[in-house]
Amino acid sequence: MAYTLPDLPYATDALAPHLSSETLELHHGKHHAGYVAKLNNLTAGEASDADLVQLILDAKPGGLLNNAAQHWNHSFYWRSMSPSGGGVPTGALADALGQAFGSVEAFSKELHDTAATHFGSGWAWLVHDGSTLLVTHTSDADLPLRHAQKALLTIDVWEHAYYVDYRNRRADYLTAFLDHLVNWDFVAENLASV
Ligand code: FE2
């Protein structure tokens, strides 16, 4: 038994030109794979993905939690994007975003601005906190699960997510993510299971 690196849900060149195959090969094949390898070292190969959420909930701050959280975060991030992503959400998701943020456009702006202004490495999120939808951000490996929130969508704002394609222009990566990559079907599925 061991934690495993999930396959990307699309080919490494499927998100180009918004994210290049070089970025995905490095990000998935080196960074995410590295977290999984460290997690397996720290758990001596005696745990598996079925244990991941409980491990994240129970672990004390430190290397074990960081690597477990980064494994969860990246697995969720890959599914937050799609080669046919972007555009605008519809149906119940559009209604829920409108209710919580005033409009879908206002939500997208808040997520973009939150991700753009997050200081240092981390993640921007759409979460459900048990009563409403919120845009949040976390530093380093931290994640909604540790804050009694359910993640619906994430954007990786570590430099390794965008530096090859966008250099220091994080805002351009975020605009491309929201305009062309965000997988609204995945967000809608997550909202439906709240
Ligand atoms: Fe990352």
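Cut-offs applied
- Residues numbered from 1 in each chain as written.
- Predicted model: local features only at pLDDT ≥ 70, side-chain atom pairs only at ≥ 80, totals over all residues.
- Heavy atoms only, no water.
- Helix = DSSP H or I, 4+ residues; strand = E, 2+ residues; numbered from the N terminus.
- Domains from an automatic or database assignment.
- Buried area = accessible area lost by both parts, 1.4 Å probe.
- Salt bridge = Lys/Arg side-chain N within 4 Å of Asp/Glu carboxyl O.
- Polar contact = N/O pair within 3.5 Å; in protein donor to acceptor, adjacent residues only side chain to side chain.
- Buried < 20%, exposed > 50% of the residue type's maximum accessible area, 1.4 Å probe, protein only.
- Pairing = 2+ DSSP bridges.
- 1 Å grid on protein atoms, 1.4 Å probe; cavity = no way out; pocket = protein on both sides within 12 Å on 5 of 7 lines; lining within 4 Å.
- Points joined across faces, edges and corners; volume = space filled by probe spheres on them.
- Nonpolar A, V, L, I, M, F, W, Y, C, P; charged D, E, K, R; others polar.
- Contact = heavy atoms within 4.5 Å.
- Phe/Tyr/Trp six-rings, centres within 6.5 Å; stacked < 30°, edge-to-face > 60°.

### Digging into unusual backbone geometry
Most peptide bonds are trans, and most residues other than glycine sit at a negative phi. With an omega of 5 degrees, the peptide bond running from Ala 16 to Pro 17 counts as cis. Within the secondary structure, Pro 17 sits in the segment before α1 (21-42). Notably, Ala 44 is not glycine yet its phi reads approximately 55 degrees, a positive angle. One non-glycine residue, Arg 167, lies in positive phi territory at about 50 degrees.

### A word on the domain arrangement of the protein chain
Domain parsing of the protein chain yields domain 1 (21-79) and domain 2 (91-192). The straight-line distance from the C-alpha centre of domain 1 to that of domain 2 is 20 Å. Area buried by domain 1 at its contact with domain 2 is led by Phe 76, Tyr 77 and Arg 79, which between them contribute 34% of it. Applying the counting rule to domain 1 against domain 2 returns zero salt bridges. Seen at the junction of domain 1 and domain 2, the total is 12 residue pairs in polar contact (both at pLDDT 80 or more). Mapped onto the side of domain 1 that touches domain 2, the elements with two or more residues apiece are α1, α2 (52-58) and α3 (63-79). Tallying contributions element by element places α3 first for the side of domain 1 that touches domain 2, with 10 residues.

### A few points about the pattern of salt bridges
Tallying each qualifying case throughout the model produces two salt bridges. One salt bridge in this structure joins Asp 172 and Arg 169, with 2.8 Å as the shortest N-O distance. With relative accessibility at 36%, the residue Asp 172 sits in the partly exposed group. For Arg 169, a relative accessible area of 41% corresponds to the partly exposed category.

### Points about the pairing of strand β2 (residues 133-139)
As judged from the seven bridges shared by strand β1 (residues 122-128) and β2, these two strands associate in the antiparallel manner. The residue bridging Trp 125 from the neighbouring strand is Thr 136, located in β2. The loop that links β1 with its antiparallel partner β2 comprises four residues; one of these, Gly 130, has a positive phi angle of about 110 degrees.

### Quick word on the layout of surface pockets
Each pocket or cavity is described by its volume, and for the largest pocket that value is around 200 Å³. Looking at the largest pocket, the residues that line it are Trp 72, Ser 75, Phe 76, Arg 79, Leu 145, Gln 149, Lys 150, Ala 151, Phe 186 and Asn 190. Among the secondary structure elements, those contributing two or more residues to the lining of the largest pocket are α3, β3 (150-156) and α8 (184-192). By residue number, the principal contributor to the lining of the largest pocket is α3, which donates four residues. Class assignment of the residues belonging to the lining of the largest pocket gives a composition of five nonpolar, three polar and two charged. Mapping the lining of the largest pocket onto the domain boundaries places at least three of its residues in each of domain 1 (21-79) and domain 2 (91-192).

### Some remarks on the environment of His 32
Along the chain, His 32 turns up in helix α1. Residues His 32 and Asp 172 lie 140 residues apart in sequence; the distance between their C-alpha atoms is 23 Å. Here His 32 is in contact with Leu 5, Pro 6, His 27, His 71, His 74, Ser 75 and Trp 78, once residues within four sequence places are set aside. In terms of polar contacts, His 32 uses its side chain to reach the side chain of His 71, at 2.9 Å.

### Considerations on the packing of aromatic side chains
All told, the structure shown has 12 aromatic pairs when counted by the stated rule. Taking the centre distance of 6.1 Å and the plane angle of 50 degrees together, the rings of Tyr 166 and Tyr 173 count as tilted. Each member of the pair, Tyr 166 as well as Tyr 173, is classed as buried. Ring pairing ties together the aromatic residues Trp 72, Phe 76, Tyr 77, Trp 78, Trp 123, Trp 125, Phe 177 and Phe 186, which thus form one cluster.

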